[in-house]
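Descriptive analysis of the structure
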Amino acid sequence: MRGWILLLGFLAGGLLSSLEAMKDRPDSSLLAAGIEAALKGDLPKLEELLAREDSTEWLNTPYQDGPTFLTLACYHGYPRLVEKLLAHPSIDVNQPGDLLALPRGSALTVLARRRILYTDHLQILQQLLRHPQLAVNQPNENGANTLQMSITQGHDEAVELLLQHPDIDINQKYSGLPPLIMAAYLNEGRIIAHLLARPE
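My aim in this report is to walk through the structure given alongside it, one point at a time. Computed from a prediction, not measured in an experiment: that's the story for all the values here.

Take the packing of helix H5 (residues 69-76) against helix H8 (residues 119-129) next. For the pair H5 and H8, the least separation of the axes is 8 Å and the interaxial angle reads 140 degrees. Here H5 lies oblique to H8, going by the angle between them. Taking contact as the criterion, the partners of Ala 73, Cys 74, Tyr 75 and His 76 in H5 are, on H8, His 121, Ile 124 and Leu 128. The class makeup of the residues in the contact of H5 with H8 is five nonpolar, two polar and no charged.

Structure representation (structure tokens):
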């Protein structure tokens, strides 16, 4: 009997802890609405959500431990949405999120993992690079940062933009290789030229 009483007490304590934790979680319906807006490029809906007084509570929260609004808007190429998100005073531009099968990382590293960067994506890259809190050398969960991934994907225009950031580290290694050696190994002539043109 005593064992049952202890077990019930333990379960009750766990339930109370779960309920307490749920109080601190943002409204999942708001998260879902924001994710849908980011997927569809629905600017009016996103503006409506960002205007809410409680927007700071869920703005940077990954939806179901997956993507954030910002990572989705960046990956899918919606510069107007990205502009609105980056203008919010509580945005965390470096907040990691999961997206599809990509390694968990910030909006910047998620953007760099695209196989093709269209004009809108390059515009978004410029928007991110202008944000004062951007950690431009922050790696994703696999240890690769945006410059390194842009080199491996052959995104020479992205590399050129990244190299204009004052805090970019052109010597940060990935798998033991610095960016210049990576570019040479991959025979990326234009990227090599960009790297050599930038003083260390």
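By the burial criterion, the buried members of helix H12 (residues 189-197) are Ile 191, His 194 and Leu 195. All buried residues of H12 fall inside an arc of 95 degrees around its axis, so they share one side. Away from its buried face, by an angle of more than 90 degrees, H12 presents the exposed residues Arg 190, Leu 196 and Ala 197. At its buried positions, H12 is contacted by helix H9 (146-152), helix H10 (156-162) and helix H11 (179-185).

In the structure shown here, the tally under the stated rule is five salt bridges. Residues Asp 54 and Arg 52 are paired through a salt bridge, measuring 2.9 Å at the closest nitrogen-oxygen approach. Arg 52 gets classed as partly exposed once you look at its relative accessible area, which sits at 38%. Arg 190 is the salt-bridge partner of Asp 156, the closest N and O atoms lying 3.5 Å from each other. Here Arg 190 lies in helix H12 and Asp 156 lies in helix H10, a separation of 34 residues in the sequence.

Along the chain, the position of Lys 173 falls in the loop between H10 and H11. Once you skip the residues sitting within four places of it in the chain, Lys 173 turns out to touch Gln 148 and Pro 178.

Next up on the list: the packing of helix H3 (residues 43-50) against helix H6 (residues 79-87). Packing of H3 against H6 brings their axes to within 10 Å, and their N-to-C directions diverge by 10 degrees. Relative to H6, H3 is oriented roughly parallel. Only Arg 80, Leu 81, Lys 84 and Leu 85 of H6 make contact with H3, whose side of the interface consists of Leu 43, Leu 46, Glu 47 and Leu 50. Class assignment of the residues belonging to the contact of H3 with H6 gives a composition of five nonpolar, no polar and three charged.

Attention now goes to the packing of aromatic side chains. Across all of its chains, the model carries one aromatic pair by this definition. Consider the rings of Trp 58 and Phe 69, whose centres lie 5.4 Å apart with planes at 70 degrees: the pair is edge-to-face. Note that Trp 58 is positioned in helix H4 (residues 55-58) and Phe 69 in helix H5, a separation of eleven residues in sequence. In this structure, Trp 58 and Phe 69 share a single accessibility class: buried. Seen from the ring of Tyr 75, Arg 114 lies directly overhead, with NZ or CZ sitting 4.9 Å from the centre.

Each value, and the rule that gives it
- Residues numbered from 1 in each chain as written.
- Predicted model: local features only at pLDDT ≥ 70, side-chain atom pairs only at ≥ 80, totals over all residues.
- Heavy atoms only, no water.
- Axes fitted to C-alpha atoms, helices over the stretch in contact; angles between N-to-C directions.
- Helix = DSSP H or I, 4+ residues; strand = E, 2+ residues; numbered from the N terminus.
- Parallel < 35°, antiparallel > 145°, perpendicular 65-115°, else oblique.
- Contact = heavy atoms within 4.5 Å.
- Nonpolar A, V, L, I, M, F, W, Y, C, P; charged D, E, K, R; others polar.
- Buried < 20%, exposed > 50% of the residue type's maximum accessible area, 1.4 Å probe, protein only.
- Arc of directions from axis to C-beta.
- Salt bridge = Lys/Arg side-chain N within 4 Å of Asp/Glu carboxyl O.
- Phe/Tyr/Trp six-rings, centres within 6.5 Å; stacked < 30°, edge-to-face > 60°.
- Lys NZ or Arg CZ within 6 Å of the ring centre and 35° of its normal.

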